[in-house]
Amino acid sequence: MAAPIFKQAEFYITVKSAEKILKPVYPEVAFLGRSNVGKSSLINAVLGKRNLALTSSSPGKTRGINYFLVDKKYFFVDLPGYGFAKISKIERLKWQKLIESYLLQSKLLKILCLLIDSRRDIMESDAQMVDWLQYQEKPFFIVLTKTDKLSKNQLRQVIKKYQDYFPDNHILPFSIKDKKLIADTALFIKKALN
């Protein structure tokens, strides 16, 4: 069995306001996507920890920026989800400001992992996020989550669709049920952090 890509991980802090965003300390990878896209599940799988990042079947579980200290030399940063979470408009705007503040402030953000549900058509909110990240010149890659729900043929078509739509971006399929895809994603992140 291959050695794990990341060996140690622990919850570090939750930040709920832009003023509390951590000053640069360690190289960071941030995770961003619509509510219920599987960010927490991906973080847990990549780090080999079952309940490090809290998962929920109801959208909007992540209500602040969660920092996880990994191998005592990286931060994994779990950002609030955007999209259909059942929250007030005021709370939604607060989350947007928090996400934007983090992305504009973080000086050690090495790469951003933008998660998109492989079963959905390309959504306007995801396309807008890609446009914004490109405009801000933020390095990112796209992870298509929940690919175990698709047949091999459907997955090929979905990957091609996203490659055609976002030709400038690296696209990785992902499933928490596929050890190879977990390892591929972990390795891609590790290379970006170094």
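For the structure itself, consult the block above.
Residues numbered from 1 in each chain as written. Predicted model: local features only at pLDDT ≥ 70, side-chain atom pairs only at ≥ 80, totals over all residues. Heavy atoms only, no water.

Asks: Please give an account of the sheet that holds strand β4 (residues 74–78) that cites residues and values.
Replies: Taken together, the seven strands give an open sheet; going across it, the order is β1-β3-β4-β2-β5-β6-β7, and neighbouring strands pair in mixed fashion. Lying at the two open borders of the sheet, with one neighbouring strand each, are β1 (9–15) and β7 (171–173). Mean inter-strand twist for the sheet, computed between neighbouring axes without regard to direction, equals 25°. Examined bridge by bridge, strand β2 (residues 28–33) and strand β5 (residues 109–117) share six bridges and lie parallel to one another. Across the sheet, the residue bridging to G33 is L115, located in β5. Across the face of the sheet, helix α3 (residues 124–135) comes into contact with β2, β5 and β6 (140–145) while running at roughly 165° to β5. (Pairing = 2+ DSSP bridges. Helix = DSSP H or I, 4+ residues; strand = E, 2+ residues; numbered from the N terminus. Axes fitted to C-alpha atoms, helices over the stretch in contact; angles between N-to-C directions. Contact = heavy atoms within 4.5 Å.)

Asks: Break down the side chain of S106 for me, with residues and values.
Replies: Mapped onto the elements of the fold, S106 is located in the loop between α2 (89–105) and β5. At 2.8 Å, the side chain of S106 forms a polar contact with the side chain of E28. Ignoring sequence-local partners within four residues, the contact set of S106 consists of E28 and K138. (Polar contact = N/O pair within 3.5 Å; in protein donor to acceptor, adjacent residues only side chain to side chain.)

Asks: Mind laying out the environment of I65, listing which residues take part and the relevant values?
Replies: Within the element layout of this structure, I65 appears in strand β3 (residues 65–70). Each residue touching I65, except ones within four places of it in the same chain, is listed here: I13, T14, V15, I21, V77, D78, L79, P80, L98 and Y102.

Asks: Give me the lowdown on the environment of K138, citing residues and values where you can.
Replies: Tracing the backbone shows K138 in the loop between α3 and β6. Judged by its relative accessible area of 16%, K138 falls in the buried class. When the C-alpha atoms of K138 and L103 are compared, they prove to be 8.1 Å apart, with 35 residues separating the residues in sequence. Not counting chain neighbours up to four residues away, the residues in contact with K138 comprise L103, L104, S106 and L133. A polar side-chain atom of K138 sits 2.7 Å from the main-chain carbonyl oxygen of L103. (Buried < 20%, exposed > 50% of the residue type's maximum accessible area, 1.4 Å probe, protein only.)

Asks: Account for the pairing of β5, with residues named and values stated.
Replies: The buried count for β5 comes to eight of nine residues, which makes it a mostly enclosed element. When β5 meets β6, the two strands line up parallel, connected through six bridges. Looking at the pairing, I116 lines up with L144 of β6. Crossover β5 to β6 through α3 is right-handed. (Right-handed = clockwise from strand over helix to strand, strands pointing away.)

Asks: Any chance you could break down unusual backbone geometry for me, citing the residues and the numbers?
Replies: For residues besides glycine, phi is generally negative; the peptide bonds are generally trans as well. Positive phi, close to 55°, is recorded for K72, a residue that is not glycine. With respect to the helices and strands, the residue K72 is situated in the loop between β3 and β4. K72 sits in the partly exposed class, given a relative accessible area of 49%. The phi dihedral of K146 falls on the positive side, at around 60°, and the residue is not glycine. In this fold, K146 is placed in the loop between β6 and α4 (152–165).

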